[in-house]
Amino acid sequence: MKAVRINLYSDTQSQPTPAMREAMASAEVGDEQHRLDPSVNKLCHEVTELLGKEDALFLPSGTMCNQISLAVHCGAGDEIIADQSAHIINYEAGGPAVLSRSLVRALDGDCGVFDAEDVQKAIRSNSYHAPRSRLVVVEQTSNRGGGAVWPLSTLQGVAAVAREHGLNLHMDGARLMNAVVASGVPAADFAATVDSLWLDLSKGLGCPVGAVLAGTHEFIDEAWRWKHRVGGAMRQAGIIAAAGSWALANHVERLADDHSNARQFAKRVSEIPGVQLVSEDVQTNLIFFNVSGSQLSAQDISARLREQGIWIGAIDNERMRAVTHLDISRDDVNEAADRLADVISG
Ligand SMILES: *Cc1c(COP(=O)(O)O)cnc(C)c1O
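Cut-off values and rules
- Residues numbered from 1 in each chain as written.
- Predicted model: local features only at pLDDT ≥ 70, side-chain atom pairs only at ≥ 80, totals over all residues.
- Heavy atoms only, no water.
- Near = heavy atom within 4 Å.
- Polar contact = N/O pair within 3.5 Å; in protein donor to acceptor, adjacent residues only side chain to side chain.
- Areas by Shrake-Rupley, 256 points an atom, 1.4 Å probe, with all protein chains shown as cover.
- Helix = DSSP H or I, 4+ residues; strand = E, 2+ residues; numbered from the N terminus.
- Nonpolar A, V, L, I, M, F, W, Y, C, P; charged D, E, K, R; others polar.
- Expected span 1.5 Å × (residues − 1).
- Buried < 20%, exposed > 50% of the residue type's maximum accessible area, 1.4 Å probe, protein only.
- Contact = heavy atoms within 4.5 Å.
- Domains from an automatic or database assignment.
- Buried area = accessible area lost by both parts, 1.4 Å probe.

Asks: Just give me the short version of the site of the ligand, but keep the residues and values in it.
Replies: Around the ligand sit 15 residues in total, of which Gly 62, Thr 63, Asp 172, Asp 200 and Lys 203 are the nearest. Here an oxygen atom of the ligand sits 2.7 Å away from a polar atom, N or O, in the side chain of Thr 63. Between an oxygen atom of the ligand and a side-chain N or O atom of Arg 175, the distance comes to 2.9 Å. For the ligand, whose accessible area on its own is 380 Å², the fraction buried by protein is 87%. Counting residues per element, the ones that place at least two in the shell around the ligand are helix 3 (62–73) and strand 7 (196–200). In terms of residues, the shell around the ligand owes the most to one element, helix 3, which gives three residues. Its residues assigned to classes, the shell around the ligand shows two nonpolar, seven polar and six charged.

Rendered as C-alpha coordinates:
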(Lines give C-alpha, C1' and ligand atoms only; values in the text may rest on other atoms or scores of the structure.)
Protein backbone atom coordinates (compact mmCIF):
# COMPACT_ATOMS: atom_id res chain seq x y z
CA MET A 1 0.00 0.00 0.00
CA LYS A 2 1.23 3.41 -0.93
CA ALA A 3 2.29 5.70 1.93
CA VAL A 4 -0.45 8.10 2.99
CA ARG A 5 0.34 11.68 1.98
CA ILE A 6 -2.96 13.34 2.76
CA ASN A 7 -4.58 11.75 5.76
CA LEU A 8 -8.19 12.84 6.12
CA TYR A 9 -9.21 9.63 7.86
CA SER A 10 -9.34 11.15 11.35
CA ASP A 11 -7.99 13.96 13.51
CA THR A 12 -6.31 11.20 15.52
CA GLN A 13 -3.86 10.74 12.62
CA SER A 14 -1.72 13.82 13.18
CA GLN A 15 1.92 13.50 14.20
CA PRO A 16 3.27 15.31 17.28
CA THR A 17 5.07 18.44 16.08
CA PRO A 18 8.81 18.89 16.71
CA ALA A 19 8.03 21.60 19.30
CA MET A 20 5.59 19.29 21.07
CA ARG A 21 8.20 16.52 21.11
CA GLU A 22 10.67 18.96 22.66
CA ALA A 23 8.18 19.89 25.37
CA MET A 24 7.69 16.18 26.04
CA ALA A 25 11.40 15.41 26.12
CA SER A 26 12.12 18.13 28.66
CA ALA A 27 9.07 17.46 30.89
CA GLU A 28 9.60 17.12 34.62
CA VAL A 29 8.09 13.80 35.67
CA GLY A 30 7.24 11.78 38.78
CA ASP A 31 4.94 8.99 39.91
CA GLU A 32 1.57 9.98 38.55
CA GLN A 33 -0.46 7.53 40.61
CA HIS A 34 0.98 9.01 43.79
CA ARG A 35 0.07 12.44 42.36
CA LEU A 36 3.76 13.27 42.26
CA ASP A 37 4.09 14.01 38.57
CA PRO A 38 4.46 17.80 38.24
CA SER A 39 3.62 17.83 34.53
CA VAL A 40 0.43 15.82 35.04
CA ASN A 41 -0.53 18.04 37.98
CA LYS A 42 0.12 21.13 35.86
CA LEU A 43 -2.04 19.86 33.00
CA CYS A 44 -4.89 18.95 35.38
CA HIS A 45 -4.67 22.40 36.96
CA GLU A 46 -4.81 24.04 33.52
CA VAL A 47 -7.90 22.05 32.62
CA THR A 48 -9.70 22.89 35.88
CA GLU A 49 -8.99 26.56 35.15
CA LEU A 50 -10.10 26.29 31.54
CA LEU A 51 -13.33 24.48 32.43
CA GLY A 52 -14.09 26.13 35.76
CA LYS A 53 -14.37 22.77 37.53
CA GLU A 54 -13.02 21.84 40.96
CA ASP A 55 -10.75 19.01 39.98
CA ALA A 56 -9.43 17.05 37.01
CA LEU A 57 -7.95 13.65 36.23
CA PHE A 58 -5.52 12.66 33.46
CA LEU A 59 -6.49 9.48 31.63
CA PRO A 60 -5.05 7.55 28.70
CA SER A 61 -8.08 8.00 26.44
CA GLY A 62 -11.40 9.65 25.92
CA THR A 63 -13.10 6.28 25.96
CA MET A 64 -11.77 5.71 29.47
CA CYS A 65 -13.05 9.17 30.50
CA ASN A 66 -16.52 8.26 29.25
CA GLN A 67 -16.62 4.81 30.78
CA ILE A 68 -15.30 5.94 34.15
CA SER A 69 -17.79 8.81 34.20
CA LEU A 70 -20.71 6.54 33.42
CA ALA A 71 -19.55 4.16 36.15
CA VAL A 72 -19.29 6.97 38.70
CA HIS A 73 -22.68 8.43 37.82
CA CYS A 74 -24.63 5.20 37.33
CA GLY A 75 -25.24 1.91 39.06
CA ALA A 76 -26.57 -1.44 37.86
CA GLY A 77 -29.95 -1.11 36.17
CA ASP A 78 -29.79 2.67 35.78
CA GLU A 79 -30.57 4.29 32.46
CA ILE A 80 -28.47 6.74 30.46
CA ILE A 81 -30.08 9.05 27.90
CA ALA A 82 -27.95 9.73 24.82
CA ASP A 83 -28.31 10.35 21.10
CA GLN A 84 -28.46 7.20 18.96
CA SER A 85 -25.27 8.32 17.19
CA ALA A 86 -23.32 8.63 20.47
CA HIS A 87 -19.78 7.31 20.80
CA ILE A 88 -20.73 5.60 24.10
CA ILE A 89 -23.34 3.55 22.22
CA ASN A 90 -21.53 2.78 18.99
CA TYR A 91 -17.79 2.75 19.59
CA GLU A 92 -17.06 1.72 23.15
CA ALA A 93 -17.49 -2.04 22.82
CA GLY A 94 -20.64 -2.17 24.93
CA GLY A 95 -18.85 -0.53 27.85
CA PRO A 96 -21.98 0.79 29.59
CA ALA A 97 -23.37 -2.76 29.83
CA VAL A 98 -20.11 -4.11 31.23
CA LEU A 99 -18.70 -1.42 33.52
CA SER A 100 -21.65 0.57 34.83
CA ARG A 101 -24.15 -2.17 33.97
CA SER A 102 -26.52 0.48 32.69
CA LEU A 103 -29.03 0.69 29.88
CA VAL A 104 -28.79 3.41 27.29
CA ARG A 105 -31.93 5.04 25.96
CA ALA A 106 -31.17 6.29 22.47
CA LEU A 107 -32.76 9.52 21.25
CA ASP A 108 -33.11 10.52 17.61
CA GLY A 109 -31.65 14.01 17.68
CA ASP A 110 -30.92 16.41 14.86
CA CYS A 111 -27.26 15.84 13.84
CA GLY A 112 -26.65 14.31 17.26
CA VAL A 113 -28.22 17.24 19.08
CA PHE A 114 -31.45 16.75 21.06
CA ASP A 115 -33.35 19.23 23.18
CA ALA A 116 -35.02 19.66 26.56
CA GLU A 117 -38.34 18.32 25.32
CA ASP A 118 -36.70 15.13 23.97
CA VAL A 119 -35.11 14.56 27.37
CA GLN A 120 -38.33 15.31 29.21
CA LYS A 121 -40.12 12.63 27.15
CA ALA A 122 -37.35 10.07 27.71
CA ILE A 123 -37.20 10.35 31.50
CA ARG A 124 -38.85 7.33 33.11
CA SER A 125 -41.73 7.54 35.51
CA ASN A 126 -40.99 6.69 39.10
CA SER A 127 -42.20 3.10 38.79
CA TYR A 128 -40.81 -0.21 40.02
CA HIS A 129 -41.34 -1.52 36.50
CA ALA A 130 -38.98 0.97 34.89
CA PRO A 131 -35.22 1.43 35.04
CA ARG A 132 -34.13 4.54 36.91
CA SER A 133 -33.22 7.47 34.65
CA ARG A 134 -29.87 8.63 35.98
CA LEU A 135 -27.72 10.44 33.44
CA VAL A 136 -27.87 12.45 30.22
CA VAL A 137 -24.85 12.31 27.91
CA VAL A 138 -24.14 14.95 25.27
CA GLU A 139 -21.33 14.95 22.71
CA GLN A 140 -19.61 18.26 21.98
CA THR A 141 -19.18 18.31 19.02
CA SER A 142 -21.35 15.47 17.76
CA ASN A 143 -19.05 13.17 15.82
CA ARG A 144 -21.62 11.22 13.77
CA GLY A 145 -23.73 14.35 13.69
CA GLY A 146 -21.15 15.84 11.31
CA GLY A 147 -19.26 17.88 13.88
CA ALA A 148 -22.35 19.84 14.90
CA VAL A 149 -21.89 22.16 17.86
CA TRP A 150 -24.36 21.95 20.73
CA PRO A 151 -25.61 25.53 21.15
CA LEU A 152 -25.19 26.79 24.71
CA SER A 153 -28.91 27.55 25.06
CA THR A 154 -29.83 23.98 24.02
CA LEU A 155 -27.42 22.60 26.61
CA GLN A 156 -28.85 24.89 29.26
CA GLY A 157 -32.36 23.68 28.43
CA VAL A 158 -31.33 20.04 28.61
CA ALA A 159 -29.50 20.70 31.89
CA ALA A 160 -32.56 22.36 33.43
CA VAL A 161 -34.75 19.33 32.68
CA ALA A 162 -32.08 16.92 33.91
CA ARG A 163 -31.66 18.85 37.20
CA GLU A 164 -35.40 19.10 37.72
CA HIS A 165 -35.61 15.30 37.64
CA GLY A 166 -32.46 14.63 39.65
CA LEU A 167 -30.41 13.40 36.67
CA ASN A 168 -26.76 14.22 36.16
CA LEU A 169 -25.32 15.48 32.88
CA HIS A 170 -22.06 14.32 31.31
CA MET A 171 -20.34 15.84 28.29
CA ASP A 172 -18.21 13.77 25.95
CA GLY A 173 -15.91 16.61 24.93
CA ALA A 174 -13.75 14.76 22.43
CA ARG A 175 -13.91 17.91 20.30
CA LEU A 176 -14.93 20.45 22.92
CA MET A 177 -12.25 22.92 21.85
CA ASN A 178 -13.47 22.72 18.25
CA ALA A 179 -16.89 23.76 19.56
CA VAL A 180 -15.32 26.59 21.57
CA VAL A 181 -13.40 27.94 18.59
CA ALA A 182 -16.33 27.56 16.19
CA SER A 183 -18.92 29.17 18.47
CA GLY A 184 -16.87 31.69 20.43
CA VAL A 185 -18.50 30.36 23.62
CA PRO A 186 -15.90 29.94 26.40
CA ALA A 187 -15.21 26.33 27.41
CA ALA A 188 -16.22 27.15 30.99
CA ASP A 189 -19.68 28.25 29.83
CA PHE A 190 -20.27 24.90 28.14
CA ALA A 191 -18.77 23.16 31.17
CA ALA A 192 -21.04 25.00 33.62
CA THR A 193 -24.05 23.18 32.18
CA VAL A 194 -22.74 19.68 33.00
CA ASP A 195 -21.62 17.74 36.08
CA SER A 196 -18.68 16.07 34.37
CA LEU A 197 -16.85 16.49 31.10
CA TRP A 198 -13.56 15.75 29.42
CA LEU A 199 -11.55 16.93 26.49
CA ASP A 200 -9.46 14.79 24.23
CA LEU A 201 -5.82 15.69 23.67
CA SER A 202 -5.34 13.23 20.83
CA LYS A 203 -7.96 14.60 18.40
CA GLY A 204 -7.75 18.15 17.07
CA LEU A 205 -5.25 19.20 19.74
CA GLY A 206 -2.70 16.94 18.10
CA CYS A 207 -1.21 15.02 21.06
CA PRO A 208 -0.10 11.41 20.74
CA VAL A 209 -2.21 10.22 23.69
CA GLY A 210 -4.37 11.35 26.58
CA ALA A 211 -7.56 13.01 27.74
CA VAL A 212 -8.51 15.01 30.83
CA LEU A 213 -11.70 14.47 32.82
CA ALA A 214 -13.09 17.21 35.07
CA GLY A 215 -15.81 17.60 37.70
CA THR A 216 -16.31 18.16 41.41
CA HIS A 217 -13.76 16.96 43.98
CA GLU A 218 -16.19 14.23 44.97
CA PHE A 219 -16.66 13.07 41.37
CA ILE A 220 -12.93 13.07 40.63
CA ASP A 221 -12.17 11.19 43.89
CA GLU A 222 -14.47 8.41 42.80
CA ALA A 223 -13.06 8.57 39.25
CA TRP A 224 -9.58 7.97 40.74
CA ARG A 225 -10.82 4.70 42.22
CA TRP A 226 -12.08 3.63 38.78
CA LYS A 227 -8.82 4.75 37.18
CA HIS A 228 -6.98 2.32 39.42
CA ARG A 229 -9.62 -0.37 38.95
CA VAL A 230 -9.34 -0.40 35.17
CA GLY A 231 -5.57 0.03 35.08
CA GLY A 232 -5.54 3.64 33.96
CA ALA A 233 -3.22 4.82 36.76
CA MET A 234 0.18 5.54 35.25
CA ARG A 235 3.72 6.32 36.41
CA GLN A 236 5.94 9.00 34.76
CA ALA A 237 2.99 10.12 32.67
CA GLY A 238 4.20 13.71 32.63
CA ILE A 239 6.01 12.89 29.45
CA ILE A 240 2.64 12.65 27.70
CA ALA A 241 0.85 15.24 29.85
CA ALA A 242 3.46 17.79 28.73
CA ALA A 243 2.18 17.37 25.19
CA GLY A 244 -1.28 18.28 26.49
CA SER A 245 -0.08 21.48 28.12
CA TRP A 246 1.78 22.36 24.96
CA ALA A 247 -1.35 21.78 22.89
CA LEU A 248 -3.61 23.83 25.15
CA ALA A 249 -1.20 26.74 24.82
CA ASN A 250 -0.45 26.41 21.10
CA HIS A 251 -3.01 24.31 19.24
CA VAL A 252 -6.38 25.72 20.22
CA GLU A 253 -6.73 28.91 18.17
CA ARG A 254 -5.41 27.15 15.08
CA LEU A 255 -8.47 24.88 15.10
CA ALA A 256 -10.10 27.72 13.15
CA ASP A 257 -7.81 26.75 10.23
CA ASP A 258 -9.11 23.17 10.39
CA HIS A 259 -12.67 24.48 10.27
CA SER A 260 -11.92 26.74 7.34
CA ASN A 261 -10.18 23.89 5.48
CA ALA A 262 -13.17 21.66 6.22
CA ARG A 263 -15.54 24.21 4.71
CA GLN A 264 -13.30 24.52 1.67
CA PHE A 265 -13.24 20.74 1.22
CA ALA A 266 -17.02 20.59 1.66
CA LYS A 267 -17.50 23.30 -0.95
CA ARG A 268 -15.22 21.55 -3.46
CA VAL A 269 -16.77 18.14 -2.83
CA SER A 270 -20.32 19.45 -3.19
CA GLU A 271 -19.42 20.60 -6.73
CA ILE A 272 -18.58 17.04 -7.83
CA PRO A 273 -21.46 15.43 -9.76
CA GLY A 274 -22.73 12.39 -7.85
CA VAL A 275 -21.54 13.66 -4.48
CA GLN A 276 -23.80 15.20 -1.84
CA LEU A 277 -22.92 16.61 1.55
CA VAL A 278 -24.79 14.76 4.30
CA SER A 279 -25.08 18.10 6.07
CA GLU A 280 -24.49 21.35 4.22
CA ASP A 281 -23.68 23.06 7.47
CA VAL A 282 -20.04 22.16 8.13
CA GLN A 283 -19.48 23.82 11.50
CA THR A 284 -16.18 22.30 12.56
CA ASN A 285 -13.66 19.77 11.20
CA LEU A 286 -15.80 16.81 10.12
CA ILE A 287 -17.27 16.45 6.63
CA PHE A 288 -19.67 13.63 5.83
CA PHE A 289 -20.65 13.12 2.21
CA ASN A 290 -22.75 10.70 0.24
CA VAL A 291 -21.44 9.17 -3.01
CA SER A 292 -24.50 7.11 -3.95
CA GLY A 293 -24.98 9.34 -7.01
CA SER A 294 -21.71 8.01 -8.45
CA GLN A 295 -21.01 4.65 -10.12
CA LEU A 296 -18.78 3.51 -7.27
CA SER A 297 -19.27 2.39 -3.69
CA ALA A 298 -17.78 4.47 -0.89
CA GLN A 299 -15.37 1.60 -0.17
CA ASP A 300 -14.18 1.52 -3.80
CA ILE A 301 -13.64 5.26 -3.81
CA SER A 302 -11.74 5.04 -0.54
CA ALA A 303 -9.51 2.27 -1.95
CA ARG A 304 -8.78 4.18 -5.18
CA LEU A 305 -7.88 7.33 -3.30
CA ARG A 306 -5.66 5.28 -1.05
CA GLU A 307 -3.72 4.09 -4.10
CA GLN A 308 -2.84 7.76 -4.61
CA GLY A 309 -1.80 8.30 -1.03
CA ILE A 310 -5.06 9.93 0.07
CA TRP A 311 -7.00 8.36 2.93
CA ILE A 312 -10.69 9.14 3.41
CA GLY A 313 -12.73 6.54 5.27
CA ALA A 314 -15.96 4.90 4.08
CA ILE A 315 -18.68 4.74 6.73
CA ASP A 316 -20.84 2.34 4.74
CA ASN A 317 -21.54 1.69 1.03
CA GLU A 318 -22.66 5.24 0.39
CA ARG A 319 -21.14 7.58 2.92
CA MET A 320 -17.63 8.82 3.58
CA ARG A 321 -16.11 10.95 6.32
CA ALA A 322 -13.20 13.36 5.95
CA VAL A 323 -11.57 15.07 8.94
CA THR A 324 -9.22 18.05 8.92
CA HIS A 325 -6.47 18.49 11.52
CA LEU A 326 -3.08 20.09 12.06
CA ASP A 327 -1.29 18.01 9.42
CA ILE A 328 -3.79 19.04 6.73
CA SER A 329 -3.23 22.22 4.72
CA ARG A 330 -5.44 24.16 2.33
CA ASP A 331 -3.50 22.62 -0.58
CA ASP A 332 -4.14 19.15 0.84
CA VAL A 333 -7.91 19.58 0.90
CA ASN A 334 -7.90 21.05 -2.59
CA GLU A 335 -5.82 18.18 -3.91
CA ALA A 336 -7.95 15.59 -2.13
CA ALA A 337 -11.07 17.12 -3.69
CA ASP A 338 -9.41 17.10 -7.15
CA ARG A 339 -8.45 13.44 -6.84
CA LEU A 340 -11.91 12.56 -5.54
CA ALA A 341 -13.42 14.23 -8.61
CA ASP A 342 -11.02 12.24 -10.86
CA VAL A 343 -11.88 8.92 -9.21
CA ILE A 344 -15.61 9.57 -9.47
CA SER A 345 -15.53 10.72 -13.09
CA GLY A 346 -13.47 7.58 -13.88
C1 LIG B 1 -12.68 9.75 19.59
C2 LIG B 1 -13.92 9.92 20.39
C3 LIG B 1 -14.03 9.35 21.65
C4 LIG B 1 -12.98 8.45 22.24
O5 LIG B 1 -11.78 9.07 22.45
P6 LIG B 1 -10.42 8.20 22.44
O7 LIG B 1 -9.43 9.15 23.02
O8 LIG B 1 -10.16 7.82 21.03
O9 LIG B 1 -10.67 7.01 23.33
C10 LIG B 1 -15.18 9.57 22.37
N11 LIG B 1 -16.17 10.32 21.87
C12 LIG B 1 -16.10 10.90 20.67
C13 LIG B 1 -17.22 11.74 20.19
C14 LIG B 1 -14.98 10.70 19.88
O15 LIG B 1 -14.93 11.24 18.65
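Asks: Break down helix 14 (residues 330–345) for me, citing the residues and quoting the values.
Replies: For helix 14, spanning 16 residues, the distance from its first C-alpha to its last is 23 Å, which sits close to the expected 22 Å at 1.5 Å a residue. Of the residues making up helix 14, those classed as buried are Asp 332, Val 333, Asn 334, Ala 336, Ala 337, Leu 340, Val 343 and Ile 344. Looking at the buried side of helix 14, the elements it contacts are strand 1 (6–7), helix 12 (255–270), strand 10 (286–290), helix 13 (298–307) and strand 11 (310–311). Looking one or two residues beyond helix 14, the residue adopting positive phi is Gly 346, at roughly 75°.

Asks: Describe the domain arrangement of the chain, listing the residues and the values that go with them.
Replies: For the chain, the domain assignment lists domain 1 (18–250) and domain 2 (254–345). For domain 1 and domain 2, the distance between their C-alpha centroids amounts to 28 Å. Contacts between domain 1 and domain 2 engage 17 residues on the former and 13 residues on the latter. Together domain 1 and domain 2 conceal approximately 1300 Å² of surface at their shared face, both sides included; 57% is due to carbon and sulfur atoms. Across the contact surface, domain 1 and domain 2 share four residue pairs in polar contact (both at pLDDT 80 or more). Here the element with the most residues in the side of domain 1 that touches domain 2 is helix 8 (residues 176–183); it accounts for four residues.

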